[in-house]
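Spelled out from the first residue to the last, the chains are:
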Amino acid sequence: MLNRISSFHNYQSVQNDLRRQENKVHHNQEQLASGKKLLKPSQDPLATHYIQNIGQQSEQIRQYTDSIVLVRNRLEHQEVMISNAESFADEAKRSVMEMINGSLSPEDRQAKARELEELATNLLNLVNTQDEAGNYTFAGTKPKNQPFFRDNANNVSYMGDGYQRKIKISNSTEVAINDPGNKLFMEIDNPFGDYTPSYELQSGSELLMESAKNGDPSDNSVYKATFVDMGNGQFGYQLEQNGAVVKAATFDPAVGIEFNDLTIKMRGQITAGDSIEISPKKTISIFDSLKDAIDVSKESVSDASSTGELHRITEEFHAAFIHLNKARTDVGARLSTLDIQENQHEDFQLSLAKSKSNFEDLDYAEAIIDFTENSRALQASQQAFGKTKDLTLFNYI
């Protein structure tokens, strides 16, 4: 009886060892066939957890990369349009400067006026451009609404809002995908400071306002300076505030006109009787400048006041050019941020892939060695099993 139990135990032990070796060989074969070290989570739960986290991070990076592609397409499209608007501002400035030339005939001015009208139409079409999805580029956060409208009096109004749409391109970084049209084209810093001039000049006058600044932000008054000949080679001025005279003094070109927190600087040759009215205006609109240029171009080439207005408009177009150039530079900076962030995502993606490979991918050299050793062990187990199953007590009787 004891011999039967001992024989059965030996048989069972060898059989179990054979099955273990077979499982090892099959596992090695599956690893070599799949190229994966981990074939199921139960093999290494901790490694499986890390691999799942790496997969989630990789998916998030993929989403951020897709966002970067979207933002880049939008910004590159916007950069081209701002560049075109910048060219329009420069072209308008050159046309107005040519109209200041007193040698132009009325017909020449009319031709320039037609050029400006065509330029104004082209600019309006440009700022109402839609992308491939039908969204208006310069409408702020109202991309389905046309942003700019022009009425019968050629006044342009903005129907969008002043906000930017932003998209996350990393856990900590958001990038603006657009710029609102009012800030780009209708809120340009006034090149003269806090006021815009309106000229009433005598024939042959060359008087121009250089700047007008007021340190009192609550002062919304309209001022008017009128110049008189003092008879001693100097000029005096009378300053009005909302129609009431508030100061009269000798004009010193080095000092300008000063009243309370207001300082007005002038340049050019004064003629007795010249007057300049200044109205509060912090920002200008390129559309208003174009409208004014078209209107003034219909005036006489010998009208000193019209010439003064053309000088003002020239400065406004120059300010618009600088403003748009800065806006285009800002778009370029955002594009650079996208490139930097995309490179960081690519580097991190490589790092994640390497970490995942360490946990998941098979080391073929090591796996082949294991497979060879396990195959030999299996072969030995098979031989042992073959001898064990034939063992009985009758072999020794």
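In this text, all values refer to a predicted model and were calculated from it rather than measured experimentally.

Draft legend 1. Focus on the nonpolar core. Among the nonpolar cores identified, the biggest contains 47 residues, and Leu123, Phe148, Phe185, Ile286 and Phe287 are the most heavily contacted of them. Elements with a minimum of two residues in this core: helix 2 (45-100), helix 3 (106-127), strand 2 (156-158), helix 4 (181-186), helix 5 (286-296) and helix 6 (304-360). With 11 residues, helix 2 is the largest single contributor of residues to this core. In contact with Ile286, not counting residues within four places along its chain, are Ala89, Leu123, Phe185, Ile188, Phe317 and Ala320. Formed by 24 residues, the second largest nonpolar core is a distinct cluster that contains Tyr223, Phe259, Ile276 and Ile278.

Draft legend 2. Examining the sheet that holds strand 7 (residues 208-214) more closely. Pairing in this open sheet of three strands is antiparallel, and the strands run 7-12-11 from one edge to the other. This sheet does not close on itself; its edge strands, each paired only once, are strand 7 and strand 11 (257-259). The mean angle between the axes of side-by-side strands here comes to 10°, regardless of whether they run parallel or antiparallel. Two strands pair when backbone bridges link them, and strand 7 and strand 12 (residues 262-267) are joined in this way by six bridges, in the antiparallel orientation. Residue pairing in the sheet places Ala212 in a bridge with Ile264 of strand 12.

Draft legend 3. Representation of the environment of Gln130 within the structure. Along the chain, Gln130 turns up in the loop between helix 3 and strand 1 (148-150). Residue classification places Gln130 among the partly exposed positions, given a relative accessible area of 40%. With 14 residues separating them along the chain, Gln130 and Lys144 place their C-alpha atoms 9.1 Å apart. If sequence neighbours within four positions are ignored, Gln130 has contacts with His77, Asn135 and Tyr136. A polar side-chain atom of Gln130 sits 2.9 Å from the main-chain carbonyl oxygen of Gly134.

Draft legend 4. Layout of the sheet that holds strand 13 (residues 275-280). Across the sheet, five strands lie side by side as 6-13-8-9-10; this open sheet has antiparallel pairing. Looking along the sheet, the strands with just one partner apiece sit at the ends: strand 6 (195-200) and strand 10 (244-250). Direction aside, neighbouring strands of the sheet carry axes that sit 20° apart on average. In this sheet, strand 10 lies alongside strand 9 (residues 235-241) in antiparallel orientation, the contact comprising six bridges. Its bridge partner lying in strand 10, Leu239 is registered against Lys247.

Cut-offs used in this document
Residues numbered from 1 in each chain as written. Predicted model: local features only at pLDDT ≥ 70, side-chain atom pairs only at ≥ 80, totals over all residues. Heavy atoms only, no water. Core = buried A, V, L, I, M, F, W, Y, C linked by side-chain atoms within 4.5 Å. Buried < 20%, exposed > 50% of the residue type's maximum accessible area, 1.4 Å probe, protein only. Helix = DSSP H or I, 4+ residues; strand = E, 2+ residues; numbered from the N terminus. Contact = heavy atoms within 4.5 Å. Pairing = 2+ DSSP bridges. Axes fitted to C-alpha atoms, helices over the stretch in contact; angles between N-to-C directions. Polar contact = N/O pair within 3.5 Å; in protein donor to acceptor, adjacent residues only side chain to side chain.

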